[in-house]
Amino acid sequence: MSKFKLPFLRKATTLNDYELSKENIPEHIAIIMDGNGRWAKKRGLPRFAGHREGMDTVKKIVKVANKYDVKILTLYAFSTENWKRPKKEIDYLMKLPMEFLHTYLPELIEENVRLETIGEFEALPPHTKQAVQDAIEKTSRNDGLILNIALNYGSRYEMTQAIQAICKDVESKKYTIDEIDESALNQHLYTHHLKDPDLLIRTSGELRLSNFLLWQAAYSELWFTEELWPDFNEDLFVEAIRDYQQRKRRFGGI
Ligand SMILES: Cc1cc(N2CCCCCC2)n2ncc(-c3ccc(F)cc3)c2n1
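The following refers to the structure shown.

Cut-offs applied
Residues numbered from 1 in each chain as written. Predicted model: local features only at pLDDT ≥ 70, side-chain atom pairs only at ≥ 80, totals over all residues. Heavy atoms only, no water. Helix = DSSP H or I, 4+ residues; strand = E, 2+ residues; numbered from the N terminus. Near = heavy atom within 4 Å. Areas by Shrake-Rupley, 256 points an atom, 1.4 Å probe, with all protein chains shown as cover. Nonpolar A, V, L, I, M, F, W, Y, C, P; charged D, E, K, R; others polar. Buried < 20%, exposed > 50% of the residue type's maximum accessible area, 1.4 Å probe, protein only. Pairing = 2+ DSSP bridges. Right-handed = clockwise from strand over helix to strand, strands pointing away. Salt bridge = Lys/Arg side-chain N within 4 Å of Asp/Glu carboxyl O.

Attention now moves to unusual backbone geometry. The phi dihedral of asparagine 152 falls on the positive side, at around 55°, and the residue is not glycine. Looking at the element boundaries, asparagine 152 is found in strand 4 (residues 146-153). The phi angle at serine 204 is positive, at roughly 85°, despite the residue not being glycine.

Residues in contact with the ligand amount to 17 residues; listed here are only the nearest, Asn36, His51, Leu93, Phe100 and Leu115. Relative to its free-state accessible area of 500 Å², the ligand is covered by the protein chains to the extent of 98%. For the shell around the ligand, the elements supplying multiple residues, two or more each, are helix 2 (47-67), helix 4 (96-110) and strand 4. Split by residue class, the shell around the ligand holds 14 nonpolar, 3 polar and no charged.

All right, on to the pairing of strand 4 then. Strand 4 sits mainly inside the fold: 8 of its 8 residues count as buried. Alignment of strand 2 (residues 72-79) against strand 4, held across 7 bridges, turns out to be parallel. Among the inter-strand pairings, serine 79 is bridged to a residue of strand 4, identified as tyrosine 153. In this structure, strand 3 (residues 114-118) lies alongside strand 4, joined through 5 bridges in parallel fashion. Residue pairing for strand 4: leucine 115 is matched across the bridge by leucine 147. As for the winding sense of the linkage, the β-α-β connection from strand 3 through helix 5 (residues 126-138) to strand 4 is left-handed.

Evaluated as defined, the whole model comprises 19 salt bridges. Among the ionic pairs, aspartate 34 bridges to arginine 202, the shortest N-O distance being 2.9 Å. Placement of aspartate 34 in the loop between strand 1 (28-32) and helix 1 (36-42) and of arginine 202 in strand 5 (residues 199-202) is noted, with a sequence separation of 168 residues between them. Take aspartate 34 and arginine 202: they sit in the same class, and that class is buried.

Dropping the structure here:
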């Protein structure tokens, strides 16, 4: 059960006791899928066993997001900081996209899911790029859930790249310094075509954003759970949405 249960809420025997209001489903949910290594360690398994179990949870949660009519699901699969991990682990992780898509692309197509990615795609290994690019093309005409995978993604890098692009635009007189506003920065982010996340979930009890969507999550509702990503499930997903629906969203107003 999540660590941050809202005390005034009626105690539910099961999450199914709560009706989710259909009209207030968060359009964009972003998830930091944390706790895979700890999941494996708790079971005396190698870390890659946690990543593999975590990949199965991705498949489950994509289905659940579709079931509750979420429009965009952004998943933090590999950060720019993850290159510091042991080579063996990186090599394993860089094969997961191919493995996921080899078994699950037909189902993504069947479920009308459109695959997208954010991050420095070109720096990924050729086999990873090939598998993902192929799946992006094969799902590009789908108009259902957008499954947006953050691969080699880092928010600070994303923002510095955007600032450099804006500086070049000013140098080339595309616009003046006074015309630089929030939308100018938005337009240069990987997520320029997506609405900001309404709800950001992080598993495994860590209470940090870890360089994920730092600009985009400025007004996102944050929801944390002690559960490790491989143990994340539909009940927790529904609990996060129900908590989101209970909160007043003010966007800085009163
Ligand atoms: C690098 C990496 C790691 C990865 N993990 C499993 C989930 C837990 C977090 C880390 C490990 N998963 N899970 C799915 C993908 C994926 C990537 C691209 C794509 F088009 C479709 C699926 C993935 N990619």
